[in-house]
Amino acid sequence: MEGELKCPMCLQFFCSPLLLPCSHSICAVCASKCQESSQTFLSQLEEGGCSSNPGDPDLKDFPDVDKISILSETDSGVVCNSRPSSYIGTPSIANIYQSVQFSQNPYGIKCPVCKKIILLDENGYKSLPCNKVLESIVEKFSHGKQHKPLTLYVNCQMCDHNEAKEAVVMCEQCNVFYCQSCKESCHPDRGPLAQHNLLDPIQGRALQRARNKGRELCCLEHEEEQLSMYCTTCSMPVCCTCQSEGGHSQHDVQAIGAMCKTQKVGNSEDNEHLELSQILQSLSEKAKVGTEFIQSLKSMTDRVHVNCSDFEATVVAQCDALIDAIKKRKQELLVHVGEERDLKIGMLKEQASQCTALLQRTTSLLHFSIEVLKESDPASFLQVSSGLISRVSTADQNFNKDMELTPRVATEFDLTLDSSPALHAIQTMNFFQLKAPGKPRIVPEDCSAENNSVTIAWQPHMGKVVESYSLELDDGCGGDFRVVYVGSETICTVDGLHFNSTYFARVKATNTSGESDYSDPISLQTAEVAWFNLDPFSAHPDILFSNDNQTATCNSYEHRILLGGVGFSKGVHYWEVVIDRYDNHSDPAIGIARFDVDKCQMLGKDEKGWSMYIDDKRSWFMHNNDHSERTEGGIQRGSVVGILLDLTRHRLCYFVDGFPHGPIAFKNLHGVFFPALSINRNIQVTLRTGLEPPSESDSDDEH
């Protein structure tokens, strides 16, 4: 509440608050500081009229004194009105009168809150009433905040208003606040004045409030009179003299006590005007909702912390799982490298072993051959030389082949570990923002059914990204749902439904990640009876409409067809056509038609129209230019022709002036039919809809 108790000018707690006509308040000291000559505002007004910036907020709220002033000359001379800036400066009697008002009211104040201009009489800001209620609340608030006292700034009452200094004392006997210099010059501490009791300004202000508590407020104009009445025209308290002789004699004036009670608690007999307690109750309920919403936001903060911890744990678990997978793969790769090492070493050892055995055999052969060469006995040498030469020659020829002087495996490993895809995946690993949307919520208070159309509104799940919605509706008989709308809007109206049917609707949300569950369904009931107008868009151009498209005539001598604004395919429907004007024995044709019926001829001439054409003596039924069932009895001005379309039994009947007219006109009617009639310039008709079907007992039997 503290914000309501501070002046919008000085931003301090109110001190001697004055009530402006715009219902805002301002400190008396601040009012004295912002008070200016009314001519200053008039010059700004005249400049604003020629300004190239008519949207300037400081210009758009200047007084519009060609309206009723809030306070007239007889009740303090305050004028507070506004007019659009585009009107300002327009030469007119109002502007002349405006200049006169500015000259008659020498002072003005601009409200620091709403920027409206308040014109004041020669008393200036002193003519503004004191806001006693606000002053009392500030005082109570200050007592309730003893640990944090209010600093009340009080001006010296002996200084000039424009240069007033802060008061330092208040004389209890003189009831005047003095600054230091004025105290020394006007209230010296000698003579009789030495006996006066001087208080500090805060104590002096409290003393003044105590003195004023039991004192009745008096009229500013008639100072001897108490404020006992309330002028509802000017919205201000007045005295009895103001009511009988002053400027309020022609106004609506009520007893102030009764008016106070009315504005506090309202009048039980007047439900059109909500007063303070009623409005406060409504505002209190909204504030309660706001408080609950704030509490939900705070609880959501706690849930955010919990969800964040859970999500952090999930991220840690997923990253740890990746680390474990990498470690496992590392071990698998190292095992594979070890196997490759063992294979190479095994092959090299095997090759070395084979080469060593070959070398040993070759060396042994060399040593043996050398010993043979040492043999001195030719016969003995020749005995073995041939075989030995053959063995040495074979060993020499096969040595390189058997030795395999090239290693069977290389010392380098031919394997390469390609970690770039995994590294790229880790580096680009991020949170996937888009999830499948949550279930939407249908807003019942924004849904409605009117005539044969329903409007469904819904809201997305909080915090979910939705790219489109899919709205589904059943057939009104509890059948399967079918899609009636796909798009990004959150409200949809579906037309052309059956009357007197209950439809169920549901909606789901979709984005690239998936789709939500269906919302909880809502049921909507279409109207029991049809309300509709004549359709000017589908009618022949010669048809003239009036009375909100309920009345029609024609400017052609030929018959022209017009249709109703709704089509029927189910249920029982009844409407009437009133003959407003009937000349020259004309024969209007009234009935039903398909939407694409030929509108340049009489209704019933083709296969898409079913009608009864009737003159002042008799009538016939007609379909596809086939005339049947002549019936005696016609129409005149004021006659009422009723049409009963029963699509449950698929037939059409007529009534004239409330009585069945002829037998059942048409049977086996299937499909969509629109109310229709054809007229010429001799006829004017008015449509009546929203009617309950009459009894068919007299028309059930065919003639």
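Residues numbered from 1 in each chain as written. Predicted model: local features only at pLDDT ≥ 70, side-chain atom pairs only at ≥ 80, totals over all residues. Heavy atoms only, no water.

Here is the rule: UniProt positions are given in the numbering used here, feature names are shortened, and annotations may be inferred rather than shown by experiment.
For the protein, the name recorded in an unreviewed UniProt entry is E3 ubiquitin-protein ligase TRIM9-like isoform X5, with Crassostrea virginica as its organism. Within the UniProt record for the protein, the comment given under Subcellular location (unreviewed entry) is "Cytoplasm, Cytoskeleton".

1. Notes on the overall build of the protein
Here is the rule we go by: Elements are defined by DSSP. Helices are runs of H or I of four residues or more, strands are runs of E of two residues or more, and each kind is numbered from the N terminus. Think of it in three bands: residues with accessible area under 20% of the maximum for their type are buried, residues over 50% are exposed, and the middle band is partly exposed, with areas taken using a 1.4 Å probe on protein chains only. Calculation of accessible area relied on Shrake-Rupley with a 1.4 Å probe; when residues are assessed, cover is drawn exclusively from the protein chains displayed.
Looking only at helices and strands, the protein features 11 helices and 33 strands. Within the protein, buried positions represent 37% of all 703 residues. Accessible area of the protein: about 41400 Å², with a carbon and sulfur share of 53%.

2. A word on the nonpolar core
The test is simple: By nonpolar core we mean a set of buried residues, namely Ala, Val, Leu, Ile, Met, Phe, Trp, Tyr and Cys, connected to one another through side-chain atoms within 4.5 Å. The criterion used for residue contact is that any of the two residues' heavy atoms lie within 4.5 Å.
Grouped together as the largest cluster of nonpolar side chains are 38 residues, with contacts concentrated most on Phe568, Leu645, Tyr654, Leu669 and Ile679. Contributing elements (two or more residues each) for this core: strand E22 (551-554), strand E24 (572-582), strand E25 (589-593), strand E26 (609-614), strand E29 (640-646), strand E30 (651-656), strand E32 (674-679) and strand E33 (683-688). Here this core takes 4 residues from E24, the largest share from any one element. In contact with Leu645, not counting residues within four places along its chain, are Phe568, Gly571, Val572, His573, Trp575, Ile592, Arg651, Leu652, Leu669 and Phe673.

3. A closer look at the pattern of salt bridges
So the rule is basically this: Take a side-chain nitrogen of Lys or Arg and a carboxyl oxygen of Asp or Glu: if they are within 4 Å of each other, that pair is a salt bridge.
Per the stated rule, a full pass over the model turns up 15 salt bridges. A salt bridge links Glu404 to Arg408, with the shortest nitrogen-to-oxygen separation between them at 3.1 Å. Residue classification places Arg408 among the partly exposed positions, given a relative accessible area of 30%. The partner of Glu472 in a salt bridge is Arg506, and the shortest N-O contact between them spans 3.0 Å. Of this pair, Glu472 sits in strand E15 (residues 468-473) while Arg506 sits in strand E18 (residues 502-511), and the two are 34 residues apart along the sequence. Classification of Glu472 as buried rests on a relative accessible area of 7%. Among the residues examined, Arg506 registers a relative accessible area of 22% and is labelled partly exposed. Bridged by salt links that share partners, the residues Glu350, Glu404 and Arg408 form one connected network.

4. Examining helix H10 (residues 378-403)
As a reminder of what qualifies: Bend angle per residue: angle between axes fitted to the 7 residues ending at that residue and the 7 residues starting there. By the criterion applied in these results, polar contacts are pairs of N or O atoms within 3.5 Å in which, for protein atoms, one can donate a hydrogen and the other can accept it, and in which residues neighboring in sequence qualify only through two side-chain atoms.
Taken as a whole, H10 carries its principal kink of about 40° at Ser385. Those residues of H10 lying buried are Ser385, Leu388 and Met403. A side-chain oxygen of the first residue of H10 lies 3.3 Å from the backbone nitrogen of Ala379; this N-cap is Asp377. At the exit of H10 stands Glu404, carrying a positive phi of roughly 50°.

5. Considerations on the sheet that holds strand E21 (residues 543-546)
The line we're drawing: Strand pairing is defined by DSSP finding a minimum of two bridges between the two strands.
Overall, antiparallel pairing links the 7 strands, which are arranged E21-E22-E33-E24-E29-E30-E31 in an open sheet. Among the strands making up the open sheet, the edge pair consists of E21 and strand E31 (659-660). Relative to E31, E30 runs antiparallel, the two being bridged by 2 bridges. Paired with Val656 across the two strands is Phe659, which belongs to E31.

6. A short note on the sheet that holds strand E28 (residues 626-632)
Each strand in a sheet pairs with its neighbour through backbone hydrogen bonds, running either in the same direction (parallel) or in the opposite one (antiparallel). Operational definition: Orientation is described by axes fitted as lines to C-alpha atoms, over the contacting stretch for helices, and by angles from 0 to 180 degrees between their N-to-C directions.
Reading across from one edge, E23-E32-E25-E26-E27-E28 is the order of the 6 strands in this open sheet, with antiparallel pairing throughout. Two strands lie at the open edges of the sheet, namely strand E23 (560-563) and E28, each paired on one side alone. Recorded for the sheet is a direction-independent mean angle of 20° between the axes of neighbouring strands. Where E23 and E32 come together, 4 bridges link them in antiparallel fashion. Among the inter-strand pairings, Arg560 is bridged to a residue of E32, identified as Ile679.

7. Observations regarding the side chain of Asn452
Tracing the backbone through its elements, the reader meets Asn452 in the loop between strand E13 (448-450) and strand E14 (453-459). Ignoring sequence-local partners within four residues, the contact set of Asn452 consists of Val494, Asp495, Gly496, Leu497, Phe499, Thr526, Val566 and Gly567.

8. With respect to a nonpolar patch on the surface
Rules: The residues that make up patches have over 30% relative accessible area and no salt bridge, and they are joined within 9 Å when like-charged or within 5 Å when they are Val, Leu, Ile, Met, Phe, Trp or Tyr.
A surface patch of nonpolar side chains, about 360 Å² in accessible area, is lined by Leu322, Ile326, Ile426 and Met429. Looking at where Ile426 falls in the secondary structure, it is placed in helix H11 (residues 420-427).

9. Focus: the pairing of E25
Of all 5 residues in E25, 5 are buried, a share of seventy percent or more. Here 5 bridges tie E25 to E32, and the two strands are oriented antiparallel to one another. Its bridge partner being in E32, Ile592 is matched across the sheet by Pro675.

10. Section: the confidence of the model for the protein
For the record, the criterion: pLDDT measures the predictor's confidence residue by residue and takes values from 0 up to 100.
Model confidence for the protein is summarised by a mean pLDDT of 81, while 84% of its residues fall at 70 or above. The secondary structure element of the protein with the lowest average pLDDT is helix H3 (residues 93-104), at 53, and the one with the highest is E25, at 96. Counting interchain partners and residues more than four positions distant, the pLDDT-below-50 stretch residues 49-94 has 98 contacts. Every residue in residues 146-151 scores below 50 in pLDDT, and together they form 5 contacts with partners more than four places removed in sequence or on other chains.

11. Considerations on the packing of aromatic side chains
The line we're drawing: Between the rings of Phe, Tyr and Trp (Trp by its six-membered ring), a pair exists once the centres lie within 6.5 Å; its type follows the angle of the planes, with under 30 degrees stacked, over 60 edge-to-face, and the other angles tilted. Cation placement over rings: the criterion is NZ of Lys or CZ of Arg within 6 Å of the ring centroid and within 35° of the ring normal.
Taken as a whole and assessed by the stated rule, the structure comprises 12 aromatic pairs. Seen in terms of ring centroids, Trp610 and Phe673 are 5.3 Å apart; in terms of plane orientation they differ by 80°. Their pairing is edge-to-face. Of this pair, Trp610 sits in strand E26 while Phe673 is found in the loop between E31 and E32, placing the two residues 63 residues apart along the sequence. Per residue, the accessibility class of Trp610 equals that of Phe673, and both read buried. Centre to centre, the rings of Tyr613 and Trp620 are 5.3 Å apart; their planes meet at 20°, and the pair counts as stacked. Within the aromatic cluster, the residues linked to one another by ring pairs are Phe499, Phe532, Phe568 and Trp575. When the ring centre of Phe413 is taken as origin, the NZ or CZ atom of Lys344, which lies over that ring, is 5.7 Å away. Looking at Arg506, its charged tip hangs above the ring of Tyr518, at a distance of 3.8 Å from the centre.

12. As for the pairing of E18
The sheet contact formed by E15 and E18 spans 6 bridges and is antiparallel. Considered in E18, the bridge of Glu472 is made with Arg506. Where E18 and strand E20 (residues 522-525) come together, 4 bridges link them in antiparallel fashion. Counted as the bridge partner of Thr502 is Gln525 from E20. Two elements, E18 and strand E19 (residues 514-515), share 2 bridges in a ladder whose sense is antiparallel. If you follow Thr510 over to E19, its bridge partner there is Glu515. Hairpin geometry of E18 and E19 is characterised by an intervening segment of 2 residues between the two adjacent antiparallel strands.

13. Digging into the environment of Leu534
Of note, Leu534 is situated in the loop between E20 and E21. When residues no more than four places from it in sequence are discounted, the contact partners of Leu534 are Phe545, Asn549, Gln550, Thr551, Ala552, Leu562, Leu563, Gly564, Leu677 and Leu687.

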